[in-house]
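# Structure assessment
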Amino acid sequence: MSRIVEITLPLPPLSLNPFMRMHWAAQEKLLKPYRKIVADNLIGIEPFLKIHTEWEWTVFGSNKLFLNRDASNVSAVGEKVISDVLVKSGIFKDDSTRYIQNPILHWGFNDSTKDPEIYGTGEVLLRLSDVPLYRGQFIKIED
């Protein structure tokens, strides 16, 4: 039987440009608490043999804050860090294309009803499924 698992996490603490400019030890120090948050949210999830992912990245605050965030930079760090924790937690074997299937969907949103105290805060809704999905629903991809 097919299943979809949804996990809501805070946005990663930084995006790609500052991340790439940091020393690895500083990166590790900054990401360690975030990895713990991710791991705590994965407790009890049964492993997948092959996995389809759908990511909804939401920035809180004004539309200007949303437009100022580089969507690919936010998702680049976030997807890598979260995927590494998914593998370490045993949700799937590794983050290669042997296990992570296409399509891999990313959506970007702005929620102006939440006014962040820190620039660019928000959340990511991650959906994991053993079959393709679109906007949280199973889809069939023709052969």
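Remember, predicted model here, so these are calculated numbers, not experimental data. Residue positions are counted from 1 within each chain, in the order its sequence is given. Local features in this predicted model are restricted to residues whose pLDDT is 70 or higher, and side-chain atom pairs enter the listing and the counts only when it is 80 or higher, whereas totals over whole chains, interfaces and linings include all residues. Side-chain numbers come from the whole structure's heavy atoms, not from hydrogens or water.

### Things to note about the overall build of the protein
Secondary structure assignment for the protein yields 4 helices and 6 strands. When the helices and strands of the protein are listed from N to C terminus, the series reads β-α-α-β-α-α-β-β-β-β. Here the radius of gyration uses the C-alpha set of atoms, whereas the globule reference equals 2.2 Å times the residue count to the power 0.38. The C-alpha radius of gyration computed for the protein amounts to 15 Å, which stays within 12% of the reference 15 Å derived for 143 residues, consistent with globular compactness. For the C-alpha atoms alone, the extent of the protein along its principal axes is close to 45 × 35 × 25 Å. Relative accessibility thresholds used throughout: buried, under 20% of the residue-type maximum; exposed, over 50%; partly exposed, between the two (1.4 Å probe, protein chains only). Looking at the protein residue by residue over its 143 residues, the buried ones come to 40%. In the protein, the proportion of contacts linking residues at least 24 apart, taken out of those at least 6 apart, comes to 83%. Counting from the N terminus, the helices are the DSSP runs of H or I reaching at least four residues and the strands are the DSSP runs of E reaching at least two. Should any heavy atoms of two residues lie within 4.5 Å, those residues are considered in contact.

### A look at the nonpolar core
Soluble, globular proteins show a tendency: their nonpolar side chains are buried together. Here, nonpolar core refers to any group of buried Ala, Val, Leu, Ile, Met, Phe, Trp, Tyr and Cys residues whose side-chain atoms link them within 4.5 Å. Ile7, Leu42, Ile82, Leu86, Ile91 and Leu128 are the most contacted members of the largest nonpolar core, which has 28 residues in total. Listing elements by their share of this core, those giving two or more residues are β1 (4-10), α2 (24-41), β2 (52-60), α4 (71-88) and β4 (122-129). Sort the elements by how many residues they give to this core and α4 lands first, with 6 residues. Those residues in contact with isoleucine 82 that sit more than four places away from it in its chain are Leu9, Tyr34, Val38, Trp55, Val124 and Leu126.

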